[in-house]
Amino acid sequence: MDFSLDERAEAFRAEVRDFLREHLTDEVRARVAASGTYHDREFHRAVAERGWIGAGWPVADGGQGRDRADLDVLYEEMAAAGAPVEGLSVTLIIAETIRRVGTPEQKERILGPVREGRLVLSLGYTEPDAGSDLAAARTRAVRDGDGWRIDGQKNFTTHAHEADYVFLLARTDPEAAKHAGLTMFLVPTSAPGFSLSPVHTLSGERTNLTFYSDVRVGDEARVGAEGQGWEIVSLALAFERGGEFAAQLRRLVHASVRWAHAAGRTDDPRLLRRLGQVVAATSVARLLGARATWLRSKAGAGAVEGAMAKVYATEELLRGSGDLLDATGADALLGPETPDAPAGGELQHLYREAQISTIYGGTSEVLRGVIAERRLGLPRGRRR
Ligand SMILES: Cc1cc2nc3c(=O)[nH]c(=O)nc-3n(C[C@H](O)[C@H](O)[C@H](O)COP(=O)(O)OP(=O)(O)OC[C@H]3O[C@@H](n4cnc5c(N)ncnc54)[C@H](O)[C@@H]3O)c2cc1C
């Protein structure tokens, strides 16, 4: 498989870089750093105005019908520049799922406003006792007249405080087998009984606990059939793991090169050796990510390849950011609030981000299990 990009995609890369120079301003970066929210309304709207939200959807669905190469370029450039695209990428994971399994009414209600940058969606899977073992979810949805009554708690509902809906995994049949009694809902964050509280993480990113207390929604909130929740979550999870993690490695390379030039260390063999290892890992991670995104439209949606791409890129980020922090010396620990911090504080930020990147979106241990079982045909490692 040849994943090299043609001239047209490279021209699009230049267009994306121009856009980022114009819209990823110091003010946007400062707002994101201060809030810990990797979503910025102004930046998000600017992306929408270019028609780049849902750019890969067919023209008939309101997209630009862009091909995989363009999308890879778009997300790679935005992630590598450190743009606040968490809200955008999560919204697209859910919107893509709705596009495939939603009712005509849901597509009408959700997809247009998503494309226009007016609607942001967040993921409500994880619970206090159901993280890796998602199918253990206990948040309850009970039939209530024509609609549903929802009660429970979710952990790590990232950017829910900016979102219009939570894509919620709930248990609708406690008597059914674990994976069979689940159903997906789109719960409006404006619904009475919904509340949240912030959680600040090691990387500086803010996420949330979300609470559902006697939340009433109509049946139009249900996504897919009753009991089909596990199937739908599995589809959405496949869209979560692709090439974006490789872009974090590229960010690390750029920050280190910037610092090496500023510090006059471009001929330091110890630094160059470590940098070379990260550059090589970045190339491998980009190829694994490109393969995963390419397979998204095929049977299986590239779920196993996405797991491979995520494990490899995040573990290399963990190793590489530690190595380069070490090679840079104590000053690398300085944050962006300190003038003259190496690479504007980017090195320590990436190091902190690396620590949690092997957890969110599926931990390395769990994803290794997925690869072992589904690709290598090995027996299940631990009863789930
Ligand atoms: C910054 C951040 C943002 C997040 N955003 C969201 C979000 O928006 N929406 C959302 O729903 N969730 C979100 N998550 C949750 C994330 O997906 C979970 O943290 C992750 O799936 C792990 O679940 P857990 O934290 O409950 O850990 P646990 O599942 O309790 O795991 C604890 C440890 O046990 C290991 N382990 C568990 N099961 C197995 C197994 N079968 N085999 C081997 N080892 C195992 C794990 O690898 C881990 O080391 C976010 C998490 C973070 C840190």
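Residues numbered from 1 in each chain as written. Predicted model: local features only at pLDDT ≥ 70, side-chain atom pairs only at ≥ 80, totals over all residues. Heavy atoms only, no water.

In the nomenclature of an unreviewed UniProt entry, the protein is known as Acyl-CoA dehydrogenase family protein of Phytohabitans kaempferiae. Here is the UniProt Sequence similarities (unreviewed entry) comment for the protein, exactly as written: "Belongs to the acyl-CoA dehydrogenase family." (UniProt positions renumbered as here; feature names shortened; annotations may be inferred.)

A word on the side chain of Thr358
Here Thr358 lies in the loop between α11 (346-357) and α12 (364-374). Judged by relative accessible area, Thr358 falls into the buried class, the value being 13%. If sequence neighbours within four positions are ignored, Thr358 has contacts with Lys310, Thr314, Glu315, Leu318, Thr363 and Ser364. (Helix = DSSP H or I, 4+ residues; strand = E, 2+ residues; numbered from the N terminus. Buried < 20%, exposed > 50% of the residue type's maximum accessible area, 1.4 Å probe, protein only. Contact = heavy atoms within 4.5 Å.)

Some words on the packing of helix α5 (residues 86-101) against helix α6 (residues 104-115)
Contact geometry of α5 with α6 gives a least axis separation of 10 Å together with a crossing angle of 150°. Crossing hand, α5 versus α6: left-handed. Of the residues in α6, those in contact with Thr91, Ala95, Ile98 and Arg99 of α5 are Gln106, Lys107, Leu111 and Val114. (Axes fitted to C-alpha atoms, helices over the stretch in contact; angles between N-to-C directions. Left-handed = near helix turned anticlockwise from the far one by under 90°.)

Things to note about the nonpolar core
Phe43, Met78, Tyr125 and Phe167 are the most contacted members of the largest nonpolar core, which totals 52 residues. The element best represented in this core is α5, accounting for seven residues. Two domains each donate at least three residues to this core, and these are domain 1 (7-84) and domain 2 (123-227). Apart from the residues lying within four places of it in its own chain, the contact partners of Phe43 are Phe19, Leu20, His23, Leu24, Val28, Met78, Ala83, Pro84 and Val85. Core analysis: the second largest hydrophobic core is formed by 22 residues, Val253, Val278, Ala285 and Ala313 among them. (Core = buried A, V, L, I, M, F, W, Y, C linked by side-chain atoms within 4.5 Å. Domains from an automatic or database assignment.)

Here we look at the environment of Arg296
Position of Arg296 among the secondary structure elements: in the loop between α9 (269-294) and α10 (303-328). The spatial distance from the C-alpha of Arg296 to the C-alpha of Ala80 is 22 Å, given a sequence separation of 216 residues.

Notes on the pattern of salt bridges
Inspection of the entire model under this criterion finds 37 salt bridges. Between Arg13 and Glu10 there is a salt bridge, and its shortest N-O distance comes to 2.8 Å. With Arg13 and Glu10 both in helix α1 (residues 7-23) and three residues apart, the pair spans about one turn of that helix. Overall, Arg13 belongs to the buried group, its relative accessible area being 7%. Given a relative accessible area of 35%, Glu10 falls into the partly exposed group. (Salt bridge = Lys/Arg side-chain N within 4 Å of Asp/Glu carboxyl O.)

Digging into the site of the ligand
Around the ligand, the surrounding shell holds 17 residues, and the nearest of these are Thr126, Ser132, Phe156, Thr158 and Thr363. Between an oxygen atom of the ligand and a main-chain N or O atom of Tyr125, the distance comes to 2.9 Å. Note that a nitrogen atom of the ligand is positioned 2.7 Å from one of the side-chain N or O atoms of Thr158. When the ligand is considered free in solution it has 980 Å² of accessible area, and contact with the protein chains removes 72% of it. (Near = heavy atom within 4 Å. Polar contact = N/O pair within 3.5 Å; in protein donor to acceptor, adjacent residues only side chain to side chain. Areas by Shrake-Rupley, 256 points an atom, 1.4 Å probe, with all protein chains shown as cover.)

Digging into the domain arrangement of the protein
Examined at the domain level, the protein breaks down into domain 1 (7-84), domain 2 (123-227) and domain 3 (241-374). When each unit is reduced to the centre of its C-alpha atoms, the spacing between domain 1 and domain 3 is 20 Å. Across the domain 1 to domain 3 interface the summed buried area is about 840 Å²; carbon plus sulfur atoms make up 48%. Together, Arg68, Glu76 and Ala80 form the three largest contributors to the area buried by domain 1 at its contact with domain 3, with a combined 51%. Where domain 1 touches domain 3, the interface holds three salt bridges. Where Glu76 meets Arg250, a salt bridge forms, and the shortest distance between an N and an O atom there is 3.0 Å. Summed over the shared surface of domain 1 and domain 3, the result is three residue pairs in polar contact (both at pLDDT 80 or more). Of all elements in the fold, only α1 and α4 (68-80) reach the threshold of two or more residues within the side of domain 1 that touches domain 3. Looking at which element gives the most residues to the side of domain 1 that touches domain 3, the answer is α4, with six residues. (Buried area = accessible area lost by both parts, 1.4 Å probe.)

Section: unusual backbone geometry
In this structure, Asp214 takes a positive phi of about 55° despite not being glycine. Residue placement: Asp214 occurs in strand β7 (residues 206-217). Despite not being glycine, Asp340 has its phi angle at roughly 70°, a positive value. Of note, Asp340 is situated in the loop between α10 and α11.

Some points on α10
Between its first and last C-alpha, α10 extends 37 Å over 26 residues, near the 38 Å set by a 1.5 Å rise per residue. Downstream of α10 by a residue or two, Gly329 has a phi angle that is positive, lying close to 100°. (Expected span 1.5 Å × (residues − 1).)

Details of the packing of aromatic side chains
If you walk through the whole model with that rule in mind, you get seven aromatic pairs. Note on Phe12 and Trp52: the rings are 5.5 Å apart at their centroids and 85° apart in plane angle, and the pair reads as edge-to-face. Pair noted here: Phe12 is in helix α1 and Trp52 is in the loop between α3 (41-49) and α4, with a separation of 40 residues, a long-range link. Trp52 gets classed as buried once you look at its relative accessible area, which sits at 1%. Stacked on the ring of Phe12, the Lys or Arg Arg66 has its end atom at 4.1 Å from the ring centre. (Phe/Tyr/Trp six-rings, centres within 6.5 Å; stacked < 30°, edge-to-face > 60°. Lys NZ or Arg CZ within 6 Å of the ring centre and 35° of its normal.)

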